[in-house]
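Chain and residue survey
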Number of protein chains: 2
Amino acid sequence: MRVLAKDILEGTVTGASGQSSEELCSIEVAGWVHRIRELGGITFVILRDRSGVLQLVLQDTATVPEKPGLTLESVIWARGIPARNEKAPGGTELRVSSLEVLSRAVPDLPYQVNEDAAKTGLESILDNRTLSLRNPKIRSIFKVQATIIEAFAAYLRSQDFTEIKTSKLVAGGTEGGTELFEVEYFDRKVCLAQSPQFYKETMVASGLERVFEIAPAYRAEKHDTPRHLNEYVSLDVEMGFIDSEKDLIELEKGVLAHVFEEVLRKNSNDVAAWNSTVPAPALVEKAPTVPYDEAMKIATEEAAKSKGGAGKFFDINPEAERLLCAWAGREHGIELIFVNQFPRRHRPFYTYPLDLGDGKAASTMSFDCLFRGLEITTGGKRQHDYNAFLEVLPRFGLKPEDMENYLALLKYGCPPHGGFAIGCERLTQKILGLANVKEASLFPRDRKRVTP
Amino acid sequence: MRVLAKDILEGTVTGASGQSSEELCSIEVAGWVHRIRELGGITFVILRDRSGVLQLVLQDTATVPEKPGLTLESVIWARGIPARNEKAPGGTELRVSSLEVLSRAVPDLPYQVNEDAAKTGLESILDNRTLSLRNPKIRSIFKVQATIIEAFAAYLRSQDFTEIKTSKLVAGGTEGGTELFEVEYFDRKVCLAQSPQFYKETMVASGLERVFEIAPAYRAEKHDTPRHLNEYVSLDVEMGFIDSEKDLIELEKGVLAHVFEEVLRKNSNDVAAWNSTVPAPALVEKAPTVPYDEAMKIATEEAAKSKGGAGKFFDINPEAERLLCAWAGREHGIELIFVNQFPRRHRPFYTYPLDLGDGKAASTMSFDCLFRGLEITTGGKRQHDYNAFLEVLPRFGLKPEDMENYLALLKYGCPPHGGFAIGCERLTQKILGLANVKEASLFPRDRKRVTP
């Protein structure tokens, strides 16, 4: 029976009669040829499997008929005897008695799997995605991402949230009519959902009260930047019976602390491979919540300090995001900051208004979460009052007759509620310190790229 | 602070000084008005929240200014004193001292939430989805579905599988060119993925070896039947280093046993609400695996028995699926059966061939899983040999130049592998005994329906 490289290196492989791995004479392994080195008639093969790498030693005396045909990335099966060797990676090697090539790779690889991932440009990595994902460091991004997704769901379940799966084919967008991809749906056109906004609100109002969804979301944005994807995994949350966006910020802090905790526990090697660190989970609660106007001031002051006056900020643009996170890191010990009370004009029509005391209700119960210089979350309380909702529609150029389903949601009794969405790829990017969010998408889609 | 109906009924609510719920004078609840009944000047309101229902008693003396305005489905908040009352649902009621309407529902509901779900036709249930999901029995379908999704993922993680999220926008279909929805993607057309087939195989070959994905899948099939959805949640699995489809059948048995175990543990009330039962997890391993030809014979014999000769079956059509499951239930104690060794002509081009001894390789290492009369899974071992793959393409009318990415996957070393996909809605449907698969989709899409 096949065992993993890790089992051999950790000495956990034991035979039926309890021998240690060194005493076993017939260990089977399988995986990819990561490296080949010839030395004095002996072939050393570094075998890579899902658990790690293991050195195989192929003596001339071994029954290895296909040895001359070995190529990098071929998939092989081998049987042999484990032996300690301080020079081998992990301190143990397998002395091979028989070997079989399960799938022979052609000799000329368009991407060198066993080279340092940093040596190749992003375009080449993405063009050769089926090969570049074999690079252990590149693959480790997606082991971290799997942990993020698992931890996100686990924490919310612990808070009595129910997972939902809603349609991605919608008659129109909830965020407005632009930036939508159209789908030919039988004899009509529908759109790919920008977010499950309407559906997650519906499920709160259905009585589930607390829901989350992990699903693709689509934005037909034309810009090609290191922070944008046209298709991304949205980690969506919606919660009933909240007072304000502050309940949501508390919830997101719980989510992030658990994500960091799990990544630290399960992926310390993957994080180390990227020379990154994960914030201590206990620090998350220290992340400040700063109102929008105050955040503008801080960003302006920080810019003045670092550049001797960069002018005043009028929006939380990427530069302000970086300055605010740096400020939070210095003042609060974690590069994580929640900006709330966004002005009405910056938020969608369904955002709950907030009166800052001037009677104008020009602010909103909304927030963004910025982490390590990047917005990773947008959220807020929603308007749940039918009449207040009707009143606000004209200000956004919307007509009640176009919002029939949304109005039905509020018309028949809807609790105060709100929610947020975390961009899964952005969170992955920032945990590992990746330069471009596309690196955190298995098969990223942008304006030019639809394959592989 | 708000407590849940369940906490009051189970007497788990205690104050800071440890009083029991009956002694507390200030319990707060919130939820939807499920029923209203007037009796001798007293108003009884059945409040529904995510945990269940609770009777509220509104005396004339209570400070309930908005009492006259109470309508069904309005969302209310109430404070009061719990008291035992054998006639109340659950044996405890809340004697209300103050009440507030958080969101008033208009009086005329297009769907009666508090009526027996069976009284309404499927079309009305789906047309009024935002309301019909409030019916506790209908909503319970999606509590079961959430458990299925959670258990599927948990079992696979326990077997060292990694969760992946792959693009749903693809240049073409893996199953052939028909039945695809087209998307306007900037200045070109792409398709919605029918399955993550190519991507999950890529991730096996990437070195993750064992992967799963939970994501939407799309089929532009025109037929409108109780077993088809144009958008569904596919529970996908792919695994490297397998010998044959039998390894996959063993894996699926493990998945299903764990799903049944978790649904039994978490959703016994939901299953009971549908008068259904969940198979005992221990019975799953007794499910038979029957080769295709043998399955045809069994179906033909069973049809003869039940109808006095229905002719011979030449395909596993819906009637054969029902007969085979009934046979498995009678002979093996569980209405679950795996049919393997499908003929070449019935399976996609990438299916691994199987020679049944006649040298023709006319069979395949493939299988379907049938549960309670319905195919819930298709799977099989895939061809991982580059040259064998090239040879078979012309027989399927395919050209190598159209399969560039697929060929790249096999060209550079690909382990023997295979996988399967479980239709999440179909499994939900069959666990609960629902008549139509659309009932198990929150917002189902069919040829006519794209809203809500």
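Analysis parameters
- Residues numbered from 1 in each chain as written.
- Chains lettered and ligands numbered in written order.
- Predicted model: local features only at pLDDT ≥ 70, side-chain atom pairs only at ≥ 80, totals over all residues.
- Heavy atoms only, no water.
- Pairing = 2+ DSSP bridges.
- Helix = DSSP H or I, 4+ residues; strand = E, 2+ residues; numbered from the N terminus.
- Contact = heavy atoms within 4.5 Å.
- Axes fitted to C-alpha atoms, helices over the stretch in contact; angles between N-to-C directions.
- Domains from an automatic or database assignment.
- Buried area = accessible area lost by both parts, 1.4 Å probe.
- Salt bridge = Lys/Arg side-chain N within 4 Å of Asp/Glu carboxyl O.
- Buried < 20%, exposed > 50% of the residue type's maximum accessible area, 1.4 Å probe, protein only.
- Least-squares fit on C-alpha atoms with pLDDT ≥ 70 in both.

All names here are of chain A. Sheet architecture is open: eight strands sit in the order β6-β10-β11-β18-β17-β16-β13-β12, paired in mixed fashion. A single partner strand is all that each edge strand has here, and the edge strands are β6 (162-163) and β12 (289-291). Both β12 and strand β13 (residues 336-340) contribute to a ladder of three bridges, which runs parallel. Each residue of the ladder has a partner; that of Val290, found in β13, is Val339. In the packing of helix α4 (residues 136-158) onto the sheet, the strands contacted are β6, β10 (210-218), β11 (231-240) and β18 (417-423), and the crossing angle to β10 comes to about 155 degrees.

Residues and elements named next belong to chain A. We note that the domain assignment places domain 1 (5-103) and domain 2 (130-440) within chain A. Centre-to-centre, using C-alpha coordinates, domain 1 lies 47 Å away from domain 2. Between domain 1 and domain 2 lies a buried interface of about 350 Å² when both sides are counted; carbon and sulfur atoms form 45% of it. On the domain 1 side of the interface with domain 2, the three residues burying the most area are Arg48, Arg50 and Glu73, jointly 72% of the side's total.

Summed over all chains, the structure comprises 60 salt bridges over all chains. One salt bridge connects Glu238 of chain A with Arg382 of chain A, and the closest N-O pair in it is separated by 2.8 Å. Here the residue Glu238 of chain A occupies a position in strand β11, and Arg382 of chain A occupies one in strand β17 (residues 374-382), the gap between them amounting to 144 residues. Between Glu331 of chain B and Arg330 of chain B there is a salt bridge whose closest N-O contact spans 3.4 Å. With relative accessibility at 47%, the residue Glu331 of chain B sits in the partly exposed group.

Rotating chain B by 180 degrees and translating it 0.0 Å along the rotation axis places it on chain A, where the RMSD comes to 0.0 Å. Taken together, the turn and the small shift mark the pair as related by a two-fold rotation axis. When C-alpha positions in chain B are compared against the rotation axis, the closest is assigned to Val183 of chain B, at 2.2 Å.

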